[in-house]
Every structure is written in structure tokens, then in C-alpha cells.
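# Secondary and tertiary structure notes
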Amino acid sequence: MPTLTIDGNLIETPQDTTVLEAVRLAGIDLPTLCHLDGLPPYGACRLCLVEMTAPTQSMISSCSYPAANGMVIETRSKQVVAVRKMMLEFLLARCPTSSVIVDLAKKEGLTETRFYSEYAGRADAPGSELCILCGLCVRVCSDMIGAAAIGFNGRGENRQVASPFFLQSEACIGCGACAFVCPTSAIRIEDHDGQRFLRMWNTVVVLQPCPVCGNSFSPEPMIFLRNLAEASTDLWGICPECRRKQAASKFHSVLG
Ligand code: SF4
Ligand code: FES
């Protein structure tokens, strides 16, 4: 098993881990915004940067760098703290109203940024003022859900995540995984009038009513999931509230 020195402490890690995983094993809290266990590293936010002083001297993004025997890592050296602060200043310039970014910056003693971004304050779509372009929504949609309903669009300060041609995404199944993984809560989902509104993607998905109570709950394109779960079709077909009630009444009748 590789042994690393992290902030002066020897840490043994399992094979095939990243430096980030080793740092976390050491109980050190390193900020990350674009990392999600289960997805390949992307290296967008640069907040996970650490300083490697052996075997070579370098600033590395810990989420994508493999841990190796004999490495010496500093997570709070003067240089690494200065770079992390600068990354936070960039993020603050882009998304000054994001409470997530503001709180992370405060932890590093920052309340303002020296930089200016043309993007700040420009709302291309509802919620886009909070988007740090971490790409988690795009990657979870394509790599985990397999829908690839959204993607990156434009360059430089015009770069953004969006549905194809900013129109209703026909590939979107309304699962909400994008909103679930978004680190800044930029993606909002509203369910009403029998529909799910994903306004950032200019997309609306019809919700299927529960056959028991009539309340709309499941996006129609997700009905295929019920077929995948044949054994529990009766439970997949009804809303979570009715599912809970049915389970409770079955439990009650078993207890007699
Ligand atoms: S919407 Fe959220 S998850 Fe998607 S790129 Fe922007 S910050 Fe990341
Ligand atoms: S978590 Fe490593 S670059 Fe974002």
C-alpha cells in the first residue's frame, strides 16, 4: 500500500487512490466543487490544489492525481493557500451571489475579489448566475444517466451549460440528477400543474399521476424505470406518499 506524507503525517492509502482520497483519509477537509465520487475527475474548479514537494515540486489538482508511495503533500503551505485564494477570487468574480462560494471564500478569509467578470450579474437562464461551469450536471447526465440532455455551449466568458440550441431538450427524462449534483444549487426544479419545469434547460416534462391519489409525481420519460424494476412494479407505479401508506398498512396487518 502506498504511504504518503500529508502535512507532516504518514498516511497509508489503498492501491489506486487519488491524492484527494489520501488527503481525506488523513482527515483533512479540502474544498472541492467539481468532484463527485463515481465520476471521472474533471479538474474544473482547481480548489483541490495541493503542493507536492516530493518526488518533484509541483502544484497538483488532488482529485485527478494518483497517490504514490513516497509522495510528500502540503495542503496548507503558503503557496497553496495563496493559489486556492486566487481560485476563490475567480469564482467570486463570476458568481458573487452564490452563498456556497461566498462561504468557501470566507473560510479562507476572503470577502471580496480583485477580479472582474463580464459574466457576473448576467442571467442567461434562471439560475445561471450561480453556475461555476464545474460540468457536474453535464457529466452526471451523460455518464451516469445516459441521457446527454445538456452540454457546454460557447467559449470564454460566453461559455455556459445549456440544452441543445437553448430549446426543449428532447433527451431530458426529468430525473433531476443535474440539480441533485450541482454544488451551487444553480439548477432549480419546479413541479406544478402536472409538469416538471427545468428552467435552466428551457425544458418541461409531463408528470404522471399516481393511480391511487391522483397527485402528479413521476416524469413520464422515467416510466421505463418501472419496467426495469419488474418485481416491484406495483410500488414504482404509485407516488412516494401512497407507497409509504401502503407499506405501513402491510406492516400493520403483518403485526396483526
Ligand atoms: S449548473 Fe451547477 S452542476 Fe452544472 S456546470 Fe453549473 S455549477 Fe456545475
Ligand atoms: S475538485 Fe479537483 S479540480 Fe475541482
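The model shown is predicted, which means the values in this text are computed figures rather than measured ones.

### Digging into the site of ligand 1
Around ligand 1 lies a shell formed by Cys131, Ile132, Leu133, Cys134, Gly135, Cys137, Val161, Cys182, Pro183, Thr184, Ile187 and Met200. Residues belonging to the shell around ligand 1 are distributed by class as follows: ten nonpolar, two polar and no charged.

### What about the pairing of strand S3 (residues 49-54)?
Pairing analysis gives four bridges linking S3 to strand S4 (residues 58-61), with the strands arranged antiparallel. In the strand pairing of S4, Leu49 is matched with Ser61. Adjacent in sequence and paired antiparallel, S3 and S4 are bridged by three residues. Bridging between S3 and strand S5 (residues 72-74) involves three bridges; their strand directions are antiparallel. Across the sheet, residue Ala54 finds its bridge partner in S5, namely Val72.

### Points about the pattern of salt bridges
Across all of its chains, the model carries six salt bridges by this definition. In this structure, Glu108 and Arg84 form a salt bridge, with 3.8 Å as the shortest nitrogen-oxygen distance. Remark: Arg84 occurs in helix H2 (residues 78-94) and Glu108 occurs in the loop between helix H3 (99-107) and helix H4 (136-145); sequence separation between them is 24 residues. Summarising the burial analysis for this pair, Glu108 and Arg84 share the class buried. Within this structure, Arg76, Arg84 and Glu108 form a network of salt bridges that share partners.

### Concerning the layout of surface pockets
Here the idea is plain: a probe the size of a water molecule rolls over the atoms and shows the empty space left. As a volume, the largest pocket reaches approximately 210 Å³. Lining the largest pocket we find 13 residues, and of these Met87, Phe90, Leu91, Arg94 and Ile132 sit closest to its centre. Taken together, the residues that form the lining of the largest pocket break down as ten nonpolar, one polar and two charged. Looking at the second largest pocket, its volume works out to about 170 Å³. Along the walls of the second largest pocket sit Ile28, Asp29, Leu30, Pro31, Leu47, Thr75, Arg76, Arg84, Leu88, Leu104, Lys107 and Glu108, which together make up its complete lining.

### Some thoughts on the packing of aromatic side chains
Taken as a whole and judged by the stated rule, the model has one aromatic pair. Summarising the aromatic geometry, the rings of Phe90 and Phe115 are spaced 4.6 Å apart at their centres and angled 40° between planes, so their arrangement reads as tilted. Here the residue Phe90 occupies a position in helix H2, and Phe115 occupies one in the loop between H3 and H4, the gap between them amounting to 25 residues. Looking at Phe115, the relative accessible area reads 30%, which means it is partly exposed.

### Quick notes on the sheet that holds strand S8 (residues 189-192)
Spatially, the four strands line up as an open sheet ordered S8-S9-S10-S11, and their pairing is antiparallel. Each edge of the open sheet is held by one strand with a lone partner, namely S8 and strand S11 (216-219). The average undirected angle you get between the axes of adjacent strands in this sheet is 35°. In this sheet, strand S10 (residues 203-209) lies alongside strand S9 (residues 195-198) in antiparallel orientation, the contact comprising four bridges. From the neighbouring strand, Leu198 faces S10, where its bridge partner is Thr203.

### Let's talk about the domain arrangement of the protein chain
For the protein chain, the domain assignment lists domain 1 (3-107) and domain 2 (128-255). One C-alpha centre belongs to domain 1, the other to domain 2, and the line joining them spans 31 Å. Domain 1 puts 18 residues into the contact, and the matching count from domain 2 is 17 residues. Counting the surface lost from both domain 1 and domain 2, the interface buries some 1,400 Å², and carbon and sulfur atoms represent 65% of this. On the domain 1 side of the contact with domain 2, Leu39, Tyr42 and Arg94 bury the most area, a combined 39% of that side's loss. The interface formed by domain 1 and domain 2 includes zero salt bridges. Secondary structure elements with two or more residues in the side of domain 1 that touches domain 2: H2 and H3. For the side of domain 1 that touches domain 2, the class distribution of residues is twelve nonpolar, four polar and two charged.

### Overview of the side chain of Glu89
Among the structural elements, Glu89 can be located in helix H2. Reaching out from Glu89, the side chain makes a polar contact with the side chain of Arg114 at a distance of 2.6 Å. Discounting residues that sit within four places of it in the chain, Glu89 has contacts with Leu110, Glu112, Thr113, Arg114 and Phe115.

Thresholds, definitions, all that
Residues numbered from 1 in each chain as written. Chains lettered and ligands numbered in written order. Predicted model: local features only at pLDDT ≥ 70, side-chain atom pairs only at ≥ 80, totals over all residues. Heavy atoms only, no water. Near = heavy atom within 4 Å. Nonpolar A, V, L, I, M, F, W, Y, C, P; charged D, E, K, R; others polar. Pairing = 2+ DSSP bridges. Helix = DSSP H or I, 4+ residues; strand = E, 2+ residues; numbered from the N terminus. Salt bridge = Lys/Arg side-chain N within 4 Å of Asp/Glu carboxyl O. Buried < 20%, exposed > 50% of the residue type's maximum accessible area, 1.4 Å probe, protein only. 1 Å grid on protein atoms, 1.4 Å probe; cavity = no way out; pocket = protein on both sides within 12 Å on 5 of 7 lines; lining within 4 Å. Points joined across faces, edges and corners; volume = space filled by probe spheres on them. Phe/Tyr/Trp six-rings, centres within 6.5 Å; stacked < 30°, edge-to-face > 60°. Axes fitted to C-alpha atoms, helices over the stretch in contact; angles between N-to-C directions. Domains from an automatic or database assignment. Contact = heavy atoms within 4.5 Å. Buried area = accessible area lost by both parts, 1.4 Å probe. Polar contact = N/O pair within 3.5 Å; in protein donor to acceptor, adjacent residues only side chain to side chain.

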